[in-house]
Amino acid sequence: MLASAFLAVLVAVLLLFGQRVPADFLLAAAALAIFIAGHRFAGRRGLFLAGLVVLAGVRVLWSINAALADRLPVARMGTDIVITGSICEFPRRQAGSLRFVVENRRPDAARGGPERILVTWYDKAPEIWPGEVWQLQVRVRPPRGSANPGSFDYEQWLFSERIGATGWIRESSENRRLTSERPACGASQARAALARRMAAPLAGREAAPYVLGLSVGAYQALAEEEWEMLRRTGTVHLVSISGFHIALVAGPFALMGLLLGRGLLALGFSCRPRLWAGWTAVCAAAAYGLLAGFSVPLLRSVVMLLTAAILLSMRRAVGAPTIFAAVLLAVLLVEPFSPLMPGFWLSFAGVAILVLVAADDPLPLPAAGLPGASSFGALVLARAAHACRSLLQIQVAMTICLAPLMLMFFGQLPLAGAIANLAAVPAFSLVLVPLTLLAAACAAISPEVSVPLLLLAADCFDVWRSFLGWCAQLPHAVWYLPAPKVPALLLALPGVVWFLWPRPWPGRGLAPLLLLGMLAGAAPAVKTGGLRILVLDVGQGLSVLVQTAGHALLYDAGPLFRNGDAGQRVVVPVLQSLGVRRLDRMVISHADADHRGGALSVIERYPQVQLAGAPPKGGASSVPCRAGQAWDWDGVHFRFLHPAPDSGFLSDNNSSCVLLIEASGVRVLLPGDIEAEAERELASRLIARPIELLLAPHHGSRTSSSPEFVAATSARQVVFATGFGNRWRFPVADVVSRWREAGACLFNTAEEGALQFEISSAGELTLSRRHRAEAPGIWLARPSVAEPCS
């Protein structure tokens, strides 16, 4: 019954996280129903189990309300505060910046700042280590990110980490290390000291972040190129300290505890060897957790092991489903936001797959009647063959059965992972982990003794990385697929269970057929003569996806960031999630970084794309856009209106490519960053027909959307592509008032997130997506206006 009860509470928790507003009354109603059902159908035992389930629900709801209450109010956006806080995690150093979380000692979201603040120190950042206390002047902002279908949900990540504000360090005399203060996380000082000892002999080695990360959890120095290699080979799970590493550490100690218990039993002591094995493993896992920093995945794994040990200590038979459900319930009580993290689902699914594969393939026994030496040799050969076969079976099962989760969370299947993991997992388990942890133990006792071991570990990691690099470069190493629909995921679940269920379950070879529905996750096709326009939320910049029945065009590629670009972080993931396999043309309106910054990332993913407008910085050449250039796709007409060959504009903004799209009588205008001067020239060439959908020129700046342009376009729907809290305060109030007085319906990506418009073949323009208003997630900031055009 515990398994069924926990399944119910897990579904309830997911529904609670999916609410658009906190729904306390839903939990109260669910709690009452669970209590009544438990008492009615299972008596006292059922009432006790119902109480545990309700307790988990109350814990989740309390955590949600606490996290929402600890967020910085929007009214305090851009204010400077002075905070005193502890650094408990290793900072992440990137080109020109240092990023870390500050544990605020005097949390007060309304006045003194939230409890946890993610801050960035630009340019001349000092060395900062865990276990230090700092006083800092921070310019803060609410925890906001871009909101798009299929891209990384930054707001969800901030919420799951209980980060109530972000910000950057201001130059000030207030910024200083407080050496006399004790940190809130004392163990971090020991971790930092050990990391410094280990880092010295590894200076300049590319494998140094792997050695430090595996031992003390300091993966922050790992380059983005290394993470990309790990993603392409499906081996991220090997370096992200979690249950896999806990198992590698706890396993040998469990064996030691088992042998010790059996020895005590042979000497006449009363003990249970299995119990010794379980609690020895728990102690080893806890010690490793302290060393590696007790990140959420690591804490979850230790709680899992502790719960299993407690159940093992009970003098009664406990089935595997009960153990599994109890561990899940314990994890939910300790870390209520675990279901928001991909690692929660991947780790528990991985354990379930291992258990079912092991149950289906028992360890072979030696043949009866063989003499001693021959019997031993046969047993060794049989078990070696069994180990190889089991490794292959596990890899096949993991690849097939984790595919739905991989697609749901990451939008890709690392096909090279089937090859990479066959060699990488044994090497990691048998060589890299023991060697690295032995080197860390020696460094804690005698740094001089540890140097040869550290260098040997780095050499082994170099060989391991070379193999993964080769796997990552294999043809079709990664299969990009659109995000699967809910019905496809629901159909895939019985397919996974059917495939894994032990013999003699019939027809298991047919089970993967139920997973084929995940291949049909693309957005519905556009009909001939119709048009779909998606204005992406890329922050302070612009990117628009235009789709006809058989073609796709990208207008601008978003901004360039200090460490990355919008093409890599937003545009490409969105296109992949929507099933855009081929990008026919990319128009870069002009050379400003907020419009072409992500172009190279888009070209890398779609190398066949034709380029028009401004050339990407440092990339391929493109065909300049000129007024009069036109083409037709699937019954939709595209035409550049600007710049004219004789325009002679000097500024980049006024030289923007202005694209007019006409579909079934509906006109859409994408004007880039043109300002009043170019607007006047363009207005004279516009046919006296209204523009049904218009992207506001230059993000709604004071120098654009002139009265003449507003009158000439007579736009019915206007979209401002701006970043939340941008320093220019776009769109300015005068421009907003001007468009509103002209009768236009106004949208802002900073408020709405991504916006999708559909033009039917009958000539009807509809707004089909307001991402912030419609996407599930209690963490998402919602638009201030429920119906912008009401």
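The structure contained in this document is the topic of the report that follows. (Residues numbered from 1 in each chain as written. Predicted model: local features only at pLDDT ≥ 70, side-chain atom pairs only at ≥ 80, totals over all residues. Heavy atoms only, no water.)

### With respect to the overall build of the chain
Worth spelling out the cut-off: Helix and strand labels come from DSSP, where a helix needs a run of H or I of at least four residues and a strand needs a run of E of at least two; each type is numbered from the N terminus. What the globule rule says is 2.2 Å times the number of residues to the power 0.38, and the radius of gyration is computed from C-alpha atoms. Remark: exposure states derive from per-residue accessible area (1.4 Å probe, protein chains only) relative to the maximum for the residue type, with buried under 20%, exposed over 50%, and partly exposed in between. Every residue pair with non-hydrogen atoms within 4.5 Å of one another is taken to be in contact. For the accessible areas, the method is Shrake-Rupley and the probe is 1.4 Å, while residue cover comes only from the protein chains on display. In this tally, Asp and Glu contribute negative charge and Lys and Arg positive charge; neither His nor the terminal groups of the chain are included. A charge is said to be at NZ when it belongs to Lys, at CZ for Arg, at CG for Asp and at CD for Glu.
On a plain count of helices and strands, the chain comes out with 25 helices and 25 strands. Relative to its length of 790 residues, the chain is compact, with a C-alpha radius of gyration of 29 Å against a globular reference of 28 Å. Seen through its principal axes, the chain has C-alpha atoms that stretch 100 × 70 × 60 Å. Put simply, the chain has 790 residues, and 50% of those count as buried. Nonlocal contacts in the chain, meaning residues at least 24 apart in sequence, comprise 67% of its contacts between residues at least 6 apart. When the accessible surface of the chain is summed, it comes to about 35,800 Å², and 64% of that surface belongs to carbon and sulfur atoms. Distance between charge centres in the chain, computed from 67 positive and 54 negative side chains, equals 10 Å.

### Description of the sheet that holds strand β24 (residues 755–759)
Counted only if it meets this: Whether two strands pair depends on DSSP finding at least two bridges between them. As a rule, the C-alpha atoms of each element are fitted with a line to give its axis, helices using only the stretch in contact, and angles between N-to-C directions run from 0 to 180 degrees.
Reading across the sheet, the seven strands line up as β16-β15-β12-β11-β10-β24-β25 and stay open at both edges, with mixed pairing between neighbours. Edge positions in the sheet fall to β16 (610–613) and β25 (765–770), since each of these pairs with one other strand and no more. Taking each pair of neighbouring strands and ignoring which way they run, the sheet shows an average axis angle of 20 degrees.

### What about the nonpolar core?
Quick reminder of the rule: Nine residue types can take part in a nonpolar core, namely buried Ala, Val, Leu, Ile, Met, Phe, Trp, Tyr and Cys, and a core is a set of them joined through side-chain atoms within 4.5 Å.
Grouped together as the largest cluster of nonpolar side chains are 49 residues, with contacts concentrated most on Met198, Tyr210, Leu230, Phe428, Phe461 and Trp464. Looking at this core element by element, the count peaks at 11 residues for helix α15 (residues 417–445). Leaving out residues up to four positions away in the same chain, Trp464 has contacts with Tyr210, Leu230, Leu238, Val239, Ala424, Ala427, Phe428 and Leu432. Of all hydrophobic cores here, the second largest spans 32 residues; its members include Cys625, Leu659, Val668 and Cys745.

### Quick look at the pattern of salt bridges
Threshold: What counts as a salt bridge is simple: a side-chain nitrogen of Lys or Arg found within 4 Å of a carboxyl oxygen of Asp or Glu.
Considering all chains together, one arrives at 25 salt bridges under this definition. Across the pair Asp80 and Arg170 runs a salt bridge whose closest N-O atoms are separated by 3.4 Å. Taken together, the residues Asp80 in strand β1 (residues 80–87) and Arg170 in the loop between β6 (165–169) and β7 (176–177) connect sequence positions 90 residues apart. For Asp80, a relative accessible area of 32% translates into the label partly exposed. Judged by relative accessible area, which is 30%, Arg170 ranks as partly exposed. A salt bridge links Glu103 to Arg116; the nearest nitrogen and oxygen atoms lie 2.3 Å apart. Taken together, the residues Glu103 in strand β3 (residues 97–104) and Arg116 in strand β4 (residues 116–122) connect sequence positions 13 residues apart. For the pair Glu103 and Arg116, one class covers both residues: buried. Several salt bridges converge on common partners, so that one network encompasses Arg205, Glu206, Glu226, Asp459, Asp462 and Arg465.

### A few points about a nonpolar patch on the surface
What counts here: Here the term patch refers to residues with relative accessible area over 30% and no salt bridge, with like charges joined within 9 Å and nonpolar side chains (Val, Leu, Ile, Met, Phe, Trp, Tyr) within 5 Å.
On the surface, Leu415, Trp479, Leu510, Leu513, Leu516 and Leu519 cluster together into a nonpolar patch covering about 560 Å² of accessible area. Structurally, Leu519 is set in the loop between α17 (486–500) and β10 (531–535). A relative accessible area of 38% places Leu519 in the partly exposed class.

### A short note on the side chain of His642
What counts here: N or O atoms closer than or at 3.5 Å make up a polar contact, with two conditions inside protein: a donor-capable atom paired with an acceptor-capable one, and, for residues adjacent in sequence, both atoms drawn from side chains.
Of note, His642 is situated in strand β18 (residues 636–642). At a separation of 2.7 Å, a polar atom in the side chain of His642 contacts the main-chain carbonyl oxygen of Asn654.

### Points about helix α6 (residues 224–232)
We count it as follows: The reported arc concerns the directions from the helix axis to the C-beta atoms and nothing else.
Those residues of α6 that fall on the buried side of the exposure criterion are Glu226, Trp227, Met229 and Leu230. Burial along α6 is one-sided: seen end-on, the buried residues are contained in an arc of 160 degrees. Summarising the contacts, the buried residues of α6 are in contact with β2 (92–94), α5 (208–216), α7 (236–239) and α16 (447–472). Looking at the residues trailing α6, positive phi occurs at Gly234, about 65 degrees.

### Considerations on helix α10 (residues 296–313)
Put simply, the test is: Expected helix span is taken as 1.5 Å per residue step, with the number of steps being one fewer than the number of residues.
Taking 1.5 Å of rise per residue, 18 residues should cover 26 Å, and α10 covers 26 Å from first to last C-alpha, within 8% of that figure. Within α10, the full set of buried residues consists of Val296, Leu298, Arg300, Ser301, Val302, Val303, Met304, Thr307, Ala309 and Leu311.

### Quick word on the state of the cysteines
So the rule is basically this: Two cysteine sulfur atoms make up a disulfide if the distance between them is within 2.5 Å.
A full pass over the atoms with the stated rule returns two disulfides. Paired by a disulfide, Cys88 and Cys185 hold their sulfur atoms 1.9 Å apart. As the torsion about the S-S bond is roughly -95 degrees, the Cys88-Cys185 disulfide counts as left-handed. Within this pair, whereas Cys88 is found in the loop between β1 and β2, its partner Cys185 is found in the loop between β7 and α4 (187–199), the two being separated by 97 residues in sequence. Of the two residues examined, Cys88 and Cys185, each falls in the buried class. Put simply, Cys625 and Cys657 are joined by a disulfide, and their sulfur atoms are 1.7 Å apart. What sets the handedness of the Cys625 and Cys657 disulfide is the S-S torsion sign, and at about -80 degrees it is left-handed. Placement of Cys625 in the loop between β16 and β17 (630–633) and of Cys657 in the loop between β18 and β19 (658–663) is noted, with a sequence separation of 32 residues between them. Free of any disulfide, Cys283 has its nearest cysteine sulfur in Cys271, 16 Å distant. There is no disulfide at Cys471, and the cysteine sulfur nearest it, in Cys460, is 17 Å away. A residue is classified by how much of its surface remains accessible, and Cys471, at 0% relative accessible area, is buried.

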